[in-house]
Amino acid sequence: MAASVGFRVFLPLFALSLASYFGAWDLNDHWEWIGTLAAVITLGVAMVIEIFAYFIPWVDHLLDSLAIPLAAIAGTAVMVSTLADLDPLVTWSLAIIAGGGTATAIKGASASGRLVSSATTGGLGNPVVSLIETGTATVVTAASIFAPVIAAILVIIILIIIFAIYRKIRPRIRT
């Protein structure tokens, strides 16, 4: 689920909150507040605002500048909230590296893709990029809740695609 935070910060948090609220997902004892009605409503409103704001060219770049650090925090929070019965050192290490690291890597790649879209289409292609990102976040989030093995496979595929695109567009160093 932390990987989908890299596409949309609040969508996975809202889904986690909703799943916890309805008893479909157990949270770490210290993070049970995420499953409260207040959290469901707050994260739901934030998710709707975030999704629609990303469809506005140039506003999406402003959001990306805020969302990169937020993705690291939210990815870490998603991971730590779902890990239970582990030593705190292991919990936080996994959460920071796997959760925050994955979310930040994906958010950085998607922000870079949006910059390329803006440069090549004058921002007119950005809503298409936003739609793809929101769809990917939705699918990976749903898979994380209902089919975690499939979610893990999807994340690996996404990371491979991002790496392949990065290799194609990065400047070649000549020696």
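Just above sits the structure.
How each quantity is defined
Residues numbered from 1 in each chain as written. Predicted model: local features only at pLDDT ≥ 70, side-chain atom pairs only at ≥ 80, totals over all residues. Heavy atoms only, no water. Helix = DSSP H or I, 4+ residues; strand = E, 2+ residues; numbered from the N terminus. Rg over C-alpha atoms; globule rule 2.2 N^0.38 Å. Buried < 20%, exposed > 50% of the residue type's maximum accessible area, 1.4 Å probe, protein only. Contact = heavy atoms within 4.5 Å. Areas by Shrake-Rupley, 256 points an atom, 1.4 Å probe, with all protein chains shown as cover. Expected span 1.5 Å × (residues − 1). Phe/Tyr/Trp six-rings, centres within 6.5 Å; stacked < 30°, edge-to-face > 60°. Lys NZ or Arg CZ within 6 Å of the ring centre and 35° of its normal. Polar contact = N/O pair within 3.5 Å; in protein donor to acceptor, adjacent residues only side chain to side chain. Salt bridge = Lys/Arg side-chain N within 4 Å of Asp/Glu carboxyl O.

1. Looking at the overall build of the chain
(1) Moving on: Scanning the chain from terminus to terminus reveals 7 helices and 0 strands.
(2) Moving on: Since a compact globule built from 175 residues should have a radius of gyration of about 16 Å, the 16 Å found for the chain is in line with a globular shape.
(3) Moving on: Dimensions of the chain, computed from C-alpha atoms along their principal axes, come out at roughly 50 × 40 × 25 Å.
(4) Moving on: With 175 residues in all, the chain has 42% of them scored as buried.
(5) Moving on: Counting contacts in the chain only where the partners sit at least 6 residues apart, residues at least 24 apart contribute 65% of the total.
(6) Moving on: Carbon and sulfur atoms make up 76% of the accessible area of the chain, which amounts to about 9700 Å² in all.

2. Let's talk about helix H3 (residues 37–53)
(1) Moving on: Counted at 1.5 Å a residue, the expected span for H3 with its 17 residues is 24 Å, and the 24 Å between its end C-alpha atoms agrees.
(2) Moving on: Taken together, the buried positions of H3 are occupied by Ala39, Val40, Leu43, Gly44, Ala46, Met47, Glu50, Ile51 and Ala53.
(3) Moving on: Packing partners of the buried residues in H3 comprise helix H2 (10–21), helix H4 (59–82) and helix H6 (126–146).

3. Quick word on the packing of aromatic side chains
(1) Moving on: In total, this model carries 2 aromatic pairs according to the counting rule given.
(2) Moving on: With a centroid separation of 5.1 Å and 85° between ring planes, the pair formed by Tyr21 and Phe22 is classed as edge-to-face.
(3) Moving on: Between Trp31 and Trp33 the ring centres are 6.0 Å apart and the planes differ by 35°, which places this aromatic pair in the tilted class.
(4) Moving on: For the cation-ring pair, Arg8 lies above Tyr54, with the distance from its terminal atom to the ring centre recorded as 4.0 Å.

4. Focus: the side chain of Glu133
(1) Moving on: Positionally, Glu133 belongs in helix H6.
(2) Moving on: Here Glu133 falls in the buried class, since its relative accessible area comes to 5%.
(3) Moving on: For Glu133, the side chain forms a polar contact with the side chain of Arg114, separated by 2.4 Å.

5. Concerning the pattern of salt bridges
A side chain with one charge can pair with a side chain of the opposite charge if their charged atoms come near.
(1) Moving on: Taken as a whole, this structure holds 5 salt bridges when the rule is applied.
(2) Moving on: A salt bridge links Asp64 to Arg114, with the nearest nitrogen and oxygen atoms 2.8 Å apart. Taken together, the residues Asp64 in helix H4 and Arg114 in helix H5 (residues 88–121) connect sequence positions 50 residues apart. For the residue pair Asp64 and Arg114, the accessibility class agrees, reading buried in each case.
(3) Moving on: Among the ionic pairs, Glu133 bridges to Arg114, the shortest N-O distance being 2.4 Å. Within this pair, whereas Glu133 is found in helix H6, its partner Arg114 is found in helix H5, the two being separated by 19 residues in sequence. The pair Glu133 / Arg114 is uniform in exposure class, with both members buried.
(4) Moving on: Sharing partners across several salt bridges, the network here consists of Arg8, Asp60, Asp64, Lys107, Arg114 and Glu133.

6. Here we look at H6
(1) Moving on: Here H6 is 21 residues long and its end C-alpha atoms lie 30 Å apart, about the 30 Å a rise of 1.5 Å per residue gives.
(2) Moving on: Taken together, the buried positions of H6 are occupied by Asn126, Ser130, Glu133, Thr134, Ala137, Val140, Thr141, Ala143, Ser144 and Ile145.

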